[in-house]
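# Coordinates in review
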Amino acid sequence: MPRIPARTVDQAGWLIRRMYGYAKRRFGAVPEPFAVLAHHRGLMIAAALAETAVERAAKHLPDNLADLVVYRVATELGCSWCVDFGTMLQRHKGLDIERLQEIHAYADSPRFTETEKLAIGYADAITATPVRVTDEQVAELRERLGDKGLVELTYLITVENQRARFNDALGIVDQGFTSGEACRVPLPVARPAATPVTPAEVTKERS
């Protein structure tokens, strides 16, 4: 359970209910960060618009590189929700998700290209506190990706830092998107705060 419970359908206004419906149709379940953010309607709308805009605009880099650095940030920050959701997205794009098991040893793995290895190292340097990016890293990636590609790479890495830190702070963990379980998770419904959800209830709701 997240530290702030997901906002239920019964608690939501018509706009949030429509946004929940769209999310469920697209992903099989309402992403929990989305349902937690719904407690602040204005920020939820702003975040939804921003995510949509980034998805449409960030098309310069190939998916295998863009999604890889996002995944790396998620693993480095320990965001199990991001790892779960990100793996699902890569699988649906037909990318090689088996190699993700080797990402912690990426420097010596033949399953990553030299450009990918440089990008993963760059993601690590940005995610570190304080940031450890060097002039040499930027220069080499700029030569390989160009100015536009480097800007996009940097932006995607920093956005994932925001997502992962938000989820970790509020205790949002993996939801079952990779395993397929998320497709059977119902929309959040109103329950009395003192009434725990029993395994029998979960089974009944998923049937």
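Anyway, here's the lowdown on the structure attached to this text. Treat the numbers as computed from the prediction; the structure is a model and nothing was measured.

## Looking at the overall build of the chain
Of regular secondary structure, the chain possesses eight helices and zero strands. Of all 207 residues assigned to the chain, the portion counted as buried reaches 39%. A total accessible area of about 11,900 Å² is found for the chain, and carbon and sulfur atoms account for 57% of it.

## Things to note about the side chain of Arg 99
Topologically, Arg 99 is positioned in the loop between α5 (80-92) and α6 (114-127). Discounting residues that sit within four places of it in the chain, Arg 99 has contacts with Asn 64, Leu 68, Arg 111, Phe 112 and Glu 116.

## A closer look at the layout of surface pockets
Its volume calculated, the largest pocket comes out at about 1,700 Å³. Secondary structure elements with two or more residues in the lining of the largest pocket: α1 (14-27), α2 (32-37), α3 (41-57), α4 (63-77), α5 and α7 (135-169). It is α3 that provides the largest number of residues to the lining of the largest pocket, a total of 13 residues. Residue composition of the lining of the largest pocket, grouped by class: 31 nonpolar, six polar and 10 charged.

## Here we look at the packing of aromatic side chains
Inspection of the entire model under this criterion finds five aromatic pairs. Residues Phe 27 and Phe 85 carry aromatic rings whose centres are separated by 5.1 Å and whose planes lie at 70° to one another, so their mutual orientation is edge-to-face. Pair noted here: Phe 27 is in helix α1 and Phe 85 is in helix α5, with a separation of 58 residues, a long-range link. In this structure Phe 27 comes out as buried when scored by relative accessible area, which is 19%. A centroid spacing of 5.1 Å and a plane angle of 85° characterise the contact between Phe 85 and Phe 177, whose relative ring orientation is edge-to-face. Of this pair, Phe 85 sits in helix α5 while Phe 177 sits in the loop between α7 and α8 (199-206), placing them 92 residues apart in sequence. We note that Phe 85, like Phe 177, is buried. Here the aromatic residues Phe 27, Trp 81, Phe 85 and Phe 177 are joined through ring pairs into a cluster of three or more.

Conventions and cut-offs
- Residues numbered from 1 in each chain as written.
- Predicted model: local features only at pLDDT ≥ 70, side-chain atom pairs only at ≥ 80, totals over all residues.
- Heavy atoms only, no water.
- Helix = DSSP H or I, 4+ residues; strand = E, 2+ residues; numbered from the N terminus.
- Buried < 20%, exposed > 50% of the residue type's maximum accessible area, 1.4 Å probe, protein only.
- Areas by Shrake-Rupley, 256 points an atom, 1.4 Å probe, with all protein chains shown as cover.
- Contact = heavy atoms within 4.5 Å.
- 1 Å grid on protein atoms, 1.4 Å probe; cavity = no way out; pocket = protein on both sides within 12 Å on 5 of 7 lines; lining within 4 Å.
- Points joined across faces, edges and corners; volume = space filled by probe spheres on them.
- Nonpolar A, V, L, I, M, F, W, Y, C, P; charged D, E, K, R; others polar.
- Phe/Tyr/Trp six-rings, centres within 6.5 Å; stacked < 30°, edge-to-face > 60°.

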